[in-house]
Amino acid sequence: MKAVPLVLLASFLVPLWTGRAQQREPGKDALRQASSPVPSKIAEAFRVSARMAELYKQGKYREALPLAEEALRLAEEATGPNDERLALFLSNLGTVRYELKEYDRAEKLLLRALAICDASGRGCPERMANIYHTLGLIYFARRDGKRSETYFRRALEAREVIDGPDSPATAQAAFTLGEFYDRGMVNYAKAEPLYGRAASIWEKDAIKNNDRLITALERQHCLLILQNKEEAAKEIKRKLDTIEMLADPSHAQDAMGRISKGKAKAIPAPVYPPSAKQQRIEGKVIIKVLVDEQGRVSKAEVLCGHPALAEAALEAAKLAVFEPTFIGGRPVEVSGWLEYNFTLR
């Protein structure tokens, strides 16, 4: 399977994805149920989970682990082996173990939680959607593309049923599956329409979802370029320019993508990665850069391109230098795209 490391996938999703395994934080149900009139041990399990959730939100996964284990122990003592409530504590502990990269142990806990939900007459649809998502990440980390795809797709299907086909949660699940195809499998034909679907949902509330919308459109535009779909790419580019103009009319003349080689003082060529040469990997990589008032690249990120080539292009882009851009006689920051074409001779 062609895949980038898990940490890369997570970093590309920020801030769209918190980098945590579940779209709903573990222990969230516990915050509501800790004071419910239920037997003492299960009530204590919910209280422990609530404390665990606070640590989880702070990224203190190692400190959260013993609390997640204690909550599960209390719940197992208070309930039967197939009690639906047990799935919550199993999935919480599985999620914490995922964050600690204990993938085998996390997988067993999450699959057990799924089995309980499946056996339940009502099921646990919200929990199952989150578990599917985390299992997708686990199998991605193991470079098991087939199972990773299966669970990311199940997460999307579950969100469509739970939240509706045009909900923000469905948009996020579509984006995640698109990112898997794009960054993990290098399958642009499957990734591009999923980015487009996410964008079309977020576009309905563009003010609230502005950052997500821009990221999805940028990814879609980029993949259309890589697939040589020029007319479709131009349409997405017009949308991006319109969004930027509405956000800051004073910078309309310097809309995204307007920096060019004509303004460049230096655009160093990337070093062709030896491993990519060995595998005879070719193709374009497109980097988005933010250029400061002095004309230096202050920020760079990969928009699209083969993972085996992306890091080399990114490092080269960081060294590019441009003529400063002026508006009203004052230097300003501008953003744009740099395209690198890796070709074997």
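Bear in mind the structure is a predicted one, so any value in this text is a computation, not a measurement. (Residues numbered from 1 in each chain as written. Predicted model: local features only at pLDDT ≥ 70, side-chain atom pairs only at ≥ 80, totals over all residues. Heavy atoms only, no water.)

A. Quick peek at the sheet that holds strand 2 (residues 283–291). Strand order in this open sheet of three strands is 3-2-7, and the pairing throughout is antiparallel. For this open sheet the edge positions go to strand 3 (297–305) and strand 7 (334–342), each flanked by a neighbour on one side alone. Shown here is a sheet whose adjacent strand axes are inclined to one another by a mean of 25 degrees, direction ignored. Inspection of the sheet shows strand 2 paired to strand 7 by nine bridges, in the antiparallel sense. Note on strand 7: the bridge partner recorded for Lys 284 is Asn 341. Where helix 11 (residues 210–226) meets the sheet, its contacts fall on strand 2, strand 3 and strand 7, and the angle it forms with strand 3 comes to roughly 60 degrees. (Pairing = 2+ DSSP bridges. Helix = DSSP H or I, 4+ residues; strand = E, 2+ residues; numbered from the N terminus. Axes fitted to C-alpha atoms, helices over the stretch in contact; angles between N-to-C directions. Contact = heavy atoms within 4.5 Å.)

B. Summary view of unusual backbone geometry. Here the phi dihedral of Arg 143 falls at roughly 60 degrees; this positive angle occurs in a residue that is not glycine. The residue Asn 228 is not glycine, and still its phi comes out positive at about 60 degrees.

C. Representation of the nonpolar core in the model. By size, the foremost hydrophobic cluster in this structure holds 79 residues, and its most contacted members are Phe 89 and Leu 135. Setting aside residues up to four positions removed in sequence, Phe 89 forms contacts with Ile 42, Ala 45, Phe 46, Ser 49, Ala 71, Leu 72 and Ala 75. Of all hydrophobic cores here, the second largest spans 26 residues; its members include Val 285, Ala 320, Phe 342 and Leu 344. (Core = buried A, V, L, I, M, F, W, Y, C linked by side-chain atoms within 4.5 Å. Buried < 20%, exposed > 50% of the residue type's maximum accessible area, 1.4 Å probe, protein only.)

D. Fine view of the environment of Ser 49. Position of Ser 49 among the secondary structure elements: in helix 3 (residues 40–57). In sequence terms Ser 49 and Ala 68 are 19 residues apart; their C-alpha atoms lie 6.3 Å from each other.

E. Region of interest: the pattern of salt bridges. For the coordinates displayed, the defined rule picks out 28 salt bridges. Between Arg 219 and Glu 179 there is a salt bridge whose closest N-O contact spans 3.1 Å. Highlighted residues: Arg 219 in helix 11 and Glu 179 in helix 9 (residues 168–184), separated in sequence by 40 residues. Side by side, Arg 219 and Glu 179 carry an identical accessibility label, which is buried. Measuring nitrogen to oxygen at the nearest pair gives 3.6 Å for the salt bridge that ties Glu 231 to Lys 234. On the criterion of helical spacing, the pair formed by Glu 231 and Lys 234 is a turn pair, its members being three residues apart in helix 12 (residues 230–247). On the accessibility criterion, Lys 234 (43% relative accessible area) is partly exposed. Several salt bridges share partner residues, and in doing so they unite Asp 104, Glu 107, Arg 142, Asp 144 and Arg 147 into one network. (Salt bridge = Lys/Arg side-chain N within 4 Å of Asp/Glu carboxyl O.)

F. Layout of helix 11. In a regular helix each residue adds 1.5 Å, so 17 residues correspond to 24 Å; helix 11 covers 24 Å between its end C-alpha atoms and thus fits that length. Along helix 11, 13 of the 17 residues are buried, which leaves the element largely enclosed by surrounding structure. Backbone geometry just downstream of helix 11 places Asn 228 in the positive-phi region, at approximately 60 degrees. (Expected span 1.5 Å × (residues − 1).)

G. Geometry of the confidence of the model for the protein. Averaged over all residues, the pLDDT of the protein is 85; the fraction at 70 or higher stands at 84%. Note on residues 30–38: pLDDT under 50 across the span, and 12 contacts to partners over four residues away in sequence or across chains. (pLDDT = per-residue confidence, 0-100.)

H. Structural context of the state of the cysteines. Evaluation of the coordinates by the stated rule reveals two disulfides. A sulfur-sulfur distance of 2.2 Å marks the disulfide that ties Cys 117 to Cys 124. Here Cys 117 and Cys 124 share a disulfide; its torsion about the S-S bond, -110 degrees, makes the bridge left-handed. For the pair shown, Cys 117 and Cys 124 are each scored as buried. What pairs with Cys 222 in a disulfide is Cys 304, and their sulfur atoms sit 1.8 Å apart. Judged by the torsion about the S-S bond (-75 degrees), the Cys 222/Cys 304 disulfide is left-handed. On the criterion of sequence distance, the pair formed by Cys 222 in helix 11 and Cys 304 in strand 3 is long-range, its members being 82 residues apart. (Disulfide = S-S within 2.5 Å.)

I. Quick peek at helix 7 (residues 125–141). The end-to-end C-alpha separation of helix 7 is 25 Å, in line with the 24 Å expected for 17 residues at 1.5 Å each. In the segment just after helix 7, Arg 143 is the residue with positive phi, at about 60 degrees.

J. A look at the packing of aromatic side chains. Evaluation of the coordinates by the stated rule reveals 11 aromatic pairs. For the ring pair Phe 140 and Phe 180, a centre distance of 6.1 Å and an interplane angle of 75 degrees mean the geometry is edge-to-face. One end of the pair, Phe 140, is in helix 7; the other, Phe 180, is in helix 9, with 40 residues separating them in the sequence. In this structure, Phe 140 and Phe 180 share a single accessibility class: buried. On the basis of an interplanar angle of 90 degrees and a centroid distance of 5.3 Å, the ring pair of Tyr 272 and Phe 342 is categorised as edge-to-face. One end of the pair, Tyr 272, is in the loop between strand 1 (264–266) and helix 13 (274–278); the other, Phe 342, is in strand 7, with 70 residues separating them in the sequence. There is no split in this pair, since Tyr 272 and Phe 342 are both buried. (Phe/Tyr/Trp six-rings, centres within 6.5 Å; stacked < 30°, edge-to-face > 60°.)

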